[in-house]
Amino acid sequence: MTVMTQPFLSVESLDKTFVLHGQDGLRLEVMRDLSLTLSPGECLVLAGRSGIGKSTLLKMLHGSYRVSGGRLRLHFDDGELALESLPAHAWHPLRRDVIGYVSQFLRVVPRVPAVEVVMEPLLARGADASEARAKAETLLERLNLPERLWSLPPGTFSGGEQQRVNIARGFIGEHPLLLLDEPTASLDAANRDVVVAMIQEAKARGTAMLGIFHDDDVRERVADRLLPLDRHMSARTRAAESDPQETP
Amino acid sequence: MKCPQLDRPTLLEARDLTRLYGPGKGCEGIDFALRSGEVLGIVGESGSGKSTLLRTLCGMEAPDAGRVVYHAHEGELDLYAIGEARRRALLRMEWGLVHQNPRDGLRLGVSAGANIGERLMALGERHYGQLRAAGQDWMGRVELDPGRIDDAPQHFSGGMQQRLQIARTLVTRPRLVFMDEPTGGLDVSVQARLLDMLRTLVRELGLSVVLVTHDLAVARLLADRLMVMRRGRVVEAGLTDQILDDPQHAYTQLLVSSVLTP
Amino acid sequence: MNGYNFAYLDEQTKRMIRRGLLKAVAIPGYQVPFGGREMPMPYGWGTGGMQLTASILGEEDVLKVIDQGADDTTNAVSIRAFFERVAGVETTTATADANVIQTRHRIPETPLAAGQILVFQVPIPEPLRFIEPSEEETRMMHALEEYGVMHVKLYEDIARHGHIATTYAYPVKVDGRYVTDPSPIPKFDNPKLHMSEALMLFGAGREKRLYAIPPHTRVESLDFEDHPFEIQEWDAPCALCGARDSFLDEVITDDRGGRMFVCSDTDYCQNRQEEVA
């Protein structure tokens with residue numbers, strides 16, 4: 001079903017080790033020799049039990065975690081970009097224009113109204129404020145966030161409400177690569193359906209997505225392929241159809 | 001798609017910069033480049049040398065060794081080789097400095113409007129009506145009541161004073177702004193409001209900022225990149241969330257793990 | 001006159017002050033420090049002006065001394081008597097007859113001519129002092145022409161009073177370079193500083209500073225485009241001489257609120273009254 005095109009993202013032999021200096025230099029090898037490719041319009045879902053390093057992979061792709069070994073490449077029409085050696089100052093424009101991220105938790109300035117939290121990725125690109133606001137409101141409405149909450153800071157919202165603000169903020173920028181860290185974890189069925197539809201639309205736009213989904217149902221509906229991260233922390237990709245029973 | 005432009009022009013550089021008052025007191029061997037439009041946070045505990053570094057960067061204190069290089073429109077300027085007149089003109093026209101204590105950056109006895117207008121007047125603005133309009137506009141931008149334009153800031157709260165200081169600094173649209181613990185000494189609720197305002201202004205004006213703070217939460221919300229200082233040296237530098245979420249150096253790990261979270 | 005050198009000061013001191021004056025004339029509006037001497041009068045009585053006068057006075061000079069425009073106040077009379085005694089020079093009250101005029105807080109109404117020297121008594125020579133107490137810093141501000149703060153003061157005036165309320169010691173910019181305190185003359189007199197025929201010397205005794213505005217020097221009063229510099233105006237002419245072009249003082253005539261406005265320049269007023277008579 002997936003049209004095989006040139007991959008947009010390729011990961012080769014990725015390693016991640018944490019060294020905890022506070023615990024006598026304890027070394028935690030959380031990932032070893034992970035490889036994958038991801039094409040435009042494809043949604044690759046990371047599978048494996050909790051704590052196996054799914055979020056760690058997303059964070060390395062987003063620059064929040066350093067890469068201990070291996071190669072991360074983005075393939076642009078005009079050449080490839082090595083993420084593992086990207087200087088810190090380059091990450092900011094890369095995140096603004098290329099790599100979007102929906103984290104599990106919303107982390108924003110305490111006082112900012114929800115609608116402005118959602119608008120921010122567009123404003124960062126210099127978009128017109130009224131157009132950004134209109135787009136943000138459309139997304140919040142679609143995600144069934146009550147209108148009375150739009151002008152309030154999300155700090156006091158319920159987990160599900162915060163998550164929907166977070167999803168809107170993550171999708172509004174239509175980044176070519178989107179990292180999804182359990183975006184549907186605290187949503188009810190109706191809102192899960194909305195997020196699934198948004199993911200399908202993003203695929204149709206050609207967005208490459210790498211995601212973690214706690215929910216089997218969502219995972220089956222959005223995944224083109226599954227990438228199991230086994231207990232030995234090394235993983236190979238396989239087609240989703242061939243192993244639908246893969247459990248988290 | 002094509003790779004977007006990731007390399008922004010360098011605005012300010014420290015090259016092997018050293019300013020020591022005694023062994024381990026001050027800053028030593030500092031190298032970095034601040035890119036245009038970037039917020040660089042300098043974090044560390046008291047006595048780590050971050051304030052000394054800031055003073056050396058912004059022209060207030062000559063280094064013992066090394067250079068501060070500013071990339072002006074007309075070319076590279078070695079901050080301590082260009083002479084006091086040019087240096088002070090730079091601070092007045094292209095740079096801004098936000099002090100931790102607004103009292104150090106404001107004239108408490110003169111009106112809010114005159115405080116905001118001073119830098120414009122120093123640049124030669126001689127129209128009272130336009131100065132006043134700029135004052136009112138900026139009071140609105142920093143969420144101060146423009147109706148209080150003729151009130152002296154000595155009667156303002158600490159948070160209001162800090163917002164006025166920011167307006168006074170940014171009114172001339174500086175390319176580069178130095179901020180020394182801009183939210184220090186403020187109540188928590190006031191801090192949040194100020195942080196949001198600073199983020200918005202940085203984005204809208206395309207400011208490049210060097211921010212000194214001991215508060216990692218402030219650093220996370222404002223800074224794109226961080227430098228962690230200890231005993232006068234930079235122990236670790238990188239993307240803000242990488243430093244805070246995956247610190248490499250033993251000291252950074254200790255610092256991050258010592259933060260209280262409510 | 002026994003026991004004193006001509007004009008009280010010794011010749012070494014005079015030379016030192018003259019060197020300072022040459023420098024001051026060469027850099028219009030720039031404050032030159034000088035080693036001020038003790039004069040037989042307290043500070044605030046014009047000791048700065050007196051030292052300058054003593055240094056430039058020659059035996060042929062004719063001296064006039066005014067205080068707030070008047071020749072007959074205690075201060076003016078005392079200083080005039082002093083130089084009569086220690087220099088033996090001729091003195092006058094007629095502006096036109098004097099070569100050297102020492103003044104406190106006024107410029108005569110009669111236009112000054114080439115060859116005349118006006119010596120001002122100055123209490124606070126530093127126009128930036130009101131905002132900056134450090135001498136080191138004010139010197140730096142002058143050196144770098146950091147004068148924005150002068151307009152802050154004028155801005156505050158307008159914000160508080162609707163107009164520039166500074167009425168005396170109104171700051172000026174001399175020769176497009178140094179912001180200078182013209183001493184506490186009324187701003188009415190500021191235009192007389194501009195392109196004056198006479199040499200203007202300023203001496204501050206307590207602060208030990210002197211400065212100068214040479215003849216034919218541009219002197220601009222600081223202002224805003226939409227609040228231009230203006231001089232005082234009066235509704236009625238001088239009650240004694242009818243002048244409409246001179247600076248008027250309010251004089252209380254009785255204890256029932258009676259008052260009148262008369263010329264502050266007594267010589268000018270006198271001359272006009274004589275002309276009319």
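Counting restarts for each chain: residues are numbered from 1 in the order of the written sequence. Each chain is given a letter, starting from A, and each ligand a number, starting from 1, according to the order in which they appear as written. Selection of residues for local features in this predicted model requires a pLDDT of at least 70, selection of side-chain atom pairs for listing and counting requires 80 or more, and totals for whole chains, interfaces and linings are taken over all residues.

Enquirer: Looking at this structure, how should I read the overall build of chain A?
Expert: Assigned secondary structure in chain A consists of 7 helices and 10 strands. Taking all 248 residues of chain A together, the buried fraction comes to 44%. Within chain A, counting contacts between residues at least 6 apart in sequence, those at least 24 apart form 70% of the total. Under the scheme used here, helices are H or I runs from DSSP no shorter than 4 residues and strands are E runs no shorter than 2 residues, and both carry numbers assigned from the N terminus. Between the buried cut of 20 or more and the exposed cut of 12 or fewer other C-beta atoms within 10 Å of a residue's own C-beta lies the partly exposed class, and all C-beta atoms are placed from the backbone. Here, residues touch in the contact sense if the C-beta positions derived from the backbone fall within 7 Å of one another.

Enquirer: Explain the domain arrangement of chain C to me, please; I cannot follow it from the model alone.
Expert: Residue and element names in this part refer to chain C. Per the annotation, domain bounds derive from an automatic or database assignment of domains. Assigned domains of chain C: these are domain 1 (11-221) and domain 2 (233-277). Summarising the inter-unit geometry, the C-alpha centres of domain 1 and domain 2 are found 25 Å apart. With 14 residues of domain 1 in contact, the opposing surface of domain 2 contributes 7 residues. Note on residue categories: nonpolar means Ala, Val, Leu, Ile, Met, Phe, Trp, Tyr, Cys or Pro, charged means Asp, Glu, Lys or Arg, and polar means any other residue, Gly included. Residues of the side of domain 1 that touches domain 2, tallied by class, amount to 5 nonpolar, 5 polar and 4 charged.

Enquirer: Even after reading the chapter, I still don't get the sheet that holds strand S1 (residues 9-20) of chain A, so can you show me in this structure?
Expert: Paired through their backbone hydrogen bonds, the strands of a sheet run either parallel or antiparallel. Residue and element names in this part refer to chain A. In space, the 4 strands of this open sheet follow the order S2-S1-S4-S5, with antiparallel pairing throughout. The open sheet has two edge strands with one neighbour each: strand S2 (26-38) and strand S5 (79-82). Taking each pair of neighbouring strands and ignoring which way they run, the sheet shows an average axis angle of 25°. We treat two strands as partners when DSSP finds at least two bridges between them. The sheet contact formed by strand S4 (residues 69-76) and S5 spans 4 bridges and is antiparallel. Paired with histidine 75 across the two strands is glutamate 80, which belongs to S5. Along the sheet, helix H1 (residues 54-61) makes contact with S1, S2 and S4, crossing S2 at roughly 70°. Inter-axis angles, ranging from 0 to 180 degrees, are taken between N-to-C directions of lines fitted to C-alpha atoms, where helices are fitted over the stretch in contact.

Enquirer: Before we go on, may I ask you to explain the pairing of strand S6 (residues 95-98) of chain B in this structure?
Expert: Along a regular strand, successive side chains alternate from one face of the sheet to the other. Residues and elements named next belong to chain B. Of the two faces of S6, the one carrying Trp95 and Leu97 and the one carrying Gly96 and Val98 are both buried. As paired strands, S6 and strand S7 (residues 176-180) are joined by 4 bridges and run parallel to one another. Its bridge partner lying in S7, tryptophan 95 is registered against leucine 176.

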